[in-house]
Every structure is written in C-alpha cells, then in structure tokens.
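Understanding the architecture of this molecule
Here's the letter readout for the chains.
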Amino acid sequence: MTTTTTIGPLTLRPLDPIEDAGLLHAWVTHPKAAFWMMQDAKLEDVERAYMEIAADEHHHALLGLHDGEPAFLMEHYDPAHRELVGLYEPQPGDVGMHFLVAPTDRPLHGFTRAVITAVMAHLFADPAVERVVVEPDVSNKAVHALNEAVGFVPEREIDKPEKKALLSFCTRKQFVAATGVTP
C-alpha cells in the first residue's frame, strides 16, 4: 500500500526477517531507538525476534519506504493475543500498533508525523479495524504528542513487564477528525 503524503510517497511492504535484519539492527540499536528496548541486541537477536513475528499469526511487521528507500518500521498485533493480554479488555476491531522511524543524518521536517499518519491510514484501510491501541513508555513524551496529533486519547497508565506504559486509543472517527485523512 502506498500513501501520498506532504513529504512524498510512503509505501509499506512485508518485512523479510533475514534480508532486512541488518538494516533493522542498525535502527533498533541506535540511541534514538532507546524506547524500542533493543539497544544491546546482536544481529542474530534482531533476526530471531523478527522471525518469531513472521511466524506469529497475531503479530506482523512491515517495512516502510520513503521514495522507495527503507525509512521506517511498522508492527501491528492483535491485543487480545499479544502485548496487552490481561491489561485491558479488548473490543472487536481493536489492533495494536508500534512504529519506528529510521535514524538519519538529514531529518525531513514533518517526516515522523507523516509516517504515523500513513501507518494509521494503513490500519484503518482494513474495514474490520475499529480502534487502534498503543502502549508507549510513559516517559516517551515525543510519541505521546505524535499520538495526540493523529487522534489518540490516553486512557491510563499500565504496568507491562518491561515498562510503565500509557494505554491510549484512537477510533477511526478520531483519526479522521484529527488528520482530515479518510482511509
């Protein structure tokens, strides 16, 4: 799927855990990816983690391209089976989401907001998706602002095994109202 944005086309393709492992390793171990919690990961760890995702029917990873070049990672998951099991009551049509923008020496103004908007449009393009659920670290203020910009509303803090997280939700209606984008 390709989404045209203010910064050019953004395309998503299935992640190849073997072919893309080196690229992902550079991204997830970069200091700017501290909230991804893979700072000390070895290449084999990243490859293994994404092979597990590729084999999981409830968790999916996609590589995002900007003008045809790898630029971001998107994961989506079924919160009734992964990440949030027992931490909230999932509703039919809920989908969980993570995204990571690749580190760059040449930042493009508005890029990260364009990415999260494209990711959300991709998720809501599926008519079965009613609401997107996120659980970022409570101290990740930058992502909270981005989430709010695309329509997320925080519900409460939750304790996950690896972090204290801010459970937030965004309905299709909230996304359209916040962004003007109709998936």
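Calculation notes
- Residues numbered from 1 in each chain as written.
- Predicted model: local features only at pLDDT ≥ 70, side-chain atom pairs only at ≥ 80, totals over all residues.
- Heavy atoms only, no water.
- Phe/Tyr/Trp six-rings, centres within 6.5 Å; stacked < 30°, edge-to-face > 60°.
- Helix = DSSP H or I, 4+ residues; strand = E, 2+ residues; numbered from the N terminus.
- Buried < 20%, exposed > 50% of the residue type's maximum accessible area, 1.4 Å probe, protein only.
- Polar contact = N/O pair within 3.5 Å; in protein donor to acceptor, adjacent residues only side chain to side chain.
- Salt bridge = Lys/Arg side-chain N within 4 Å of Asp/Glu carboxyl O.

Some thoughts on the packing of aromatic side chains
All chains considered together, the criterion is met by 2 aromatic pairs. Centre to centre, the rings of Tyr88 and Phe169 are 5.5 Å apart; their planes meet at 50 degrees, and the pair counts as tilted. Residue Tyr88 is located in the loop between strand E4 (69-77) and strand E5 (94-101), and its partner Phe169 is located in strand E8 (residues 164-171); the two are separated by 81 residues in the primary sequence. Overall, Tyr88 belongs to the buried group, its relative accessible area being 8%.

A short note on the side chain of Asp56
Position of Asp56 among the secondary structure elements: in the loop between helix H2 (43-54) and strand E3 (59-66). Within the local environment of Asp56, its side chain forms a polar contact with the side chain of Arg82, the two groups lying 2.6 Å apart.

Notes on the pattern of salt bridges
Under the defined criterion, the tally for this structure stands at 10 salt bridges. Where Lys160 meets Glu83, a salt bridge forms, and the shortest distance between an N and an O atom there is 2.5 Å. Linking Lys160 in the loop between strand E7 (153-159) and E8 with Glu83 in the loop between E4 and E5, this pair joins segments that are 77 residues apart in sequence. Residue classification places Lys160 among the buried residues on the basis of a relative accessible area of 7%. For Asp94, the salt bridge is made with Arg131, and the minimal N-O distance between the two is 2.8 Å. Taken as a pair, Asp94 in strand E5 and Arg131 in strand E6 (residues 131-134) lie far apart in primary sequence, 37 residues in all. Accessibility classification places Asp94 together with Arg131 in one group, the buried group.

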